[in-house]
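# Observations on the three-dimensional arrangement
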Amino acid sequence: MINGAHVIVYSRDAEADRAFFRDVLEYPHVDAGHGWLIFRLPPAEIAVHPTDGPESQELYLMCDDVDATVADLTAKGVEFTQPVTDARWGRLTRFRLPGGGEVGLYEPRHERATGL
């Protein structure tokens, strides 16, 4: 039986991005050896969206109040790459990881599967 999922974030500066998840987001973690940190994520969901373009994957972190979360992360020096916008399914934005990648952040308007 499948009992979990493992998300991989590829980074041009893995050390900086690991420090971000550890120090800024304060995610609990284990050291798998030699500083290779593996983080516990909050409850997660997976959605499958149709596309006419190439297949891809995205990472979005969810929050209860996107404005408050943006304010908190901005105070910690996090750079947001787009303003908060409204979509039918939630309020969303994106922020930059220290290694240059981007992560989505959204406040869902839909029922969350994490409570199942």
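Notes on the structure in this doc start here. (Residues numbered from 1 in each chain as written. Predicted model: local features only at pLDDT ≥ 70, side-chain atom pairs only at ≥ 80, totals over all residues. Heavy atoms only, no water.)

## Notes on the overall build of the chain
In plain terms, the rule: The helix and strand labels rest on DSSP assignments: H or I over at least four residues marks a helix, E over at least two residues marks a strand, and numbering proceeds from the N terminus. As defined in this context, the radius of gyration uses C-alpha atoms, and a globule is described by 2.2 Å times the residue total to the power 0.38. Buried means the residue's accessible area, taken with a 1.4 Å probe over protein chains only, is under 20% of the maximum for its type, while exposed means over 50%, and partly exposed covers the values in between. Any two residues whose heavy atoms approach within 4.5 Å are treated as being in contact. Exposure was quantified through the Shrake-Rupley algorithm and a 1.4 Å probe, taking into account, for residues, occlusion by the shown protein chains and nothing else. Here Asp and Glu are counted as negative and Lys and Arg as positive; His is not counted, and neither are the chain ends. We put the charge of a Lys on NZ, of an Arg on CZ, of an Asp on CG and of a Glu on CD.
Across its full length, the chain carries two helices and six strands. Counting from the amino terminus, the chain carries its helices and strands in the arrangement α-β-β-β-α-β-β-β. A compact globule built from 116 residues should have a C-alpha radius of gyration of about 13 Å, and the chain, at 15 Å, falls within 12% of that. Reported as C-alpha extents along the three principal axes, the dimensions of the chain are approximately 45 × 40 × 30 Å. Taking all 116 residues of the chain together, the buried fraction comes to 26%. Taking contacts inside the chain between residues at least 6 apart in sequence as the whole, the part at least 24 apart equals 43%. Roughly 8,600 Å² of accessible area belongs to the chain as shown, and the carbon and sulfur atoms make up 53% of that amount. Of the charged side chains in the chain, 11 are positive and 19 negative, and the gap between their average positions amounts to 1 Å.

## Some details on the pairing of strand E5 (residues 90–96)
Operational definition: Strands are treated as partners if at least two bridges between them are detected by DSSP.
Most of E5 sits inside the fold, with six of its seven residues counted as buried. Strand direction decides the pairing type here: strand E4 (residues 79–87) and E5, joined by six bridges, are antiparallel. Considered in E5, the bridge of Gln82 is made with Arg94. In sequence, E4 turns back onto E5 through a hairpin of two residues. Pairing between E5 and strand E6 (residues 102–108): seven bridges, direction antiparallel. Bridge pairing in E6 links Leu92 to Tyr106.

## Let's talk about the pattern of salt bridges
What counts is decided by this rule: Salt bridges, as used here, are contacts in which a Lys or Arg side-chain nitrogen is within 4 Å of a carboxyl oxygen on Asp or Glu.
Under the counting rule described, the total for this entry stands at 13 salt bridges. Salt-bridge contacts for Arg18 lead to Glu15; the nearest nitrogen and oxygen are separated by 2.8 Å. Taken together, the residues Arg18 and Glu15, both in helix H1 (residues 14–24) and three residues apart, mark about one turn of the helix. Overall, Glu15 belongs to the exposed group, its relative accessible area being 52%. With its nearest N and O atoms 3.5 Å apart, the salt bridge here joins Asp64 to Arg112. A residue pair is termed long-range when its members are at least 10 positions apart, and Asp64 in the loop between strand E3 (60–62) and helix H2 (66–75) and Arg112 in the segment after E6 qualify at 48 residues. Judged by relative accessible area, which is 29%, Arg112 ranks as partly exposed.

## Observations regarding H2
Heads up, the rule is: Here the arc refers to the directions that run from the helix axis out to each C-beta atom. Two N or O atoms count as a polar contact when they lie within 3.5 Å, although within protein this holds only if one can serve as hydrogen donor and the other as acceptor, and sequence-adjacent residues are included solely when both atoms are side-chain atoms.
Taken together, the buried positions of H2 are occupied by Val66, Val70 and Leu73. Buried residues of H2, viewed axially, fall in a sector of 70 degrees; they line one side. Of the surrounding elements, those touching the buried residues of H2 are H1, E4, E5 and E6. Among the residues of H2, the N-terminal cap falls to Asp65, whose side-chain oxygen and the backbone nitrogen of Asp67 are separated by 3.1 Å. Note on H2: the residue one or two positions beyond its end, Gly77, has a positive phi of about 90 degrees.

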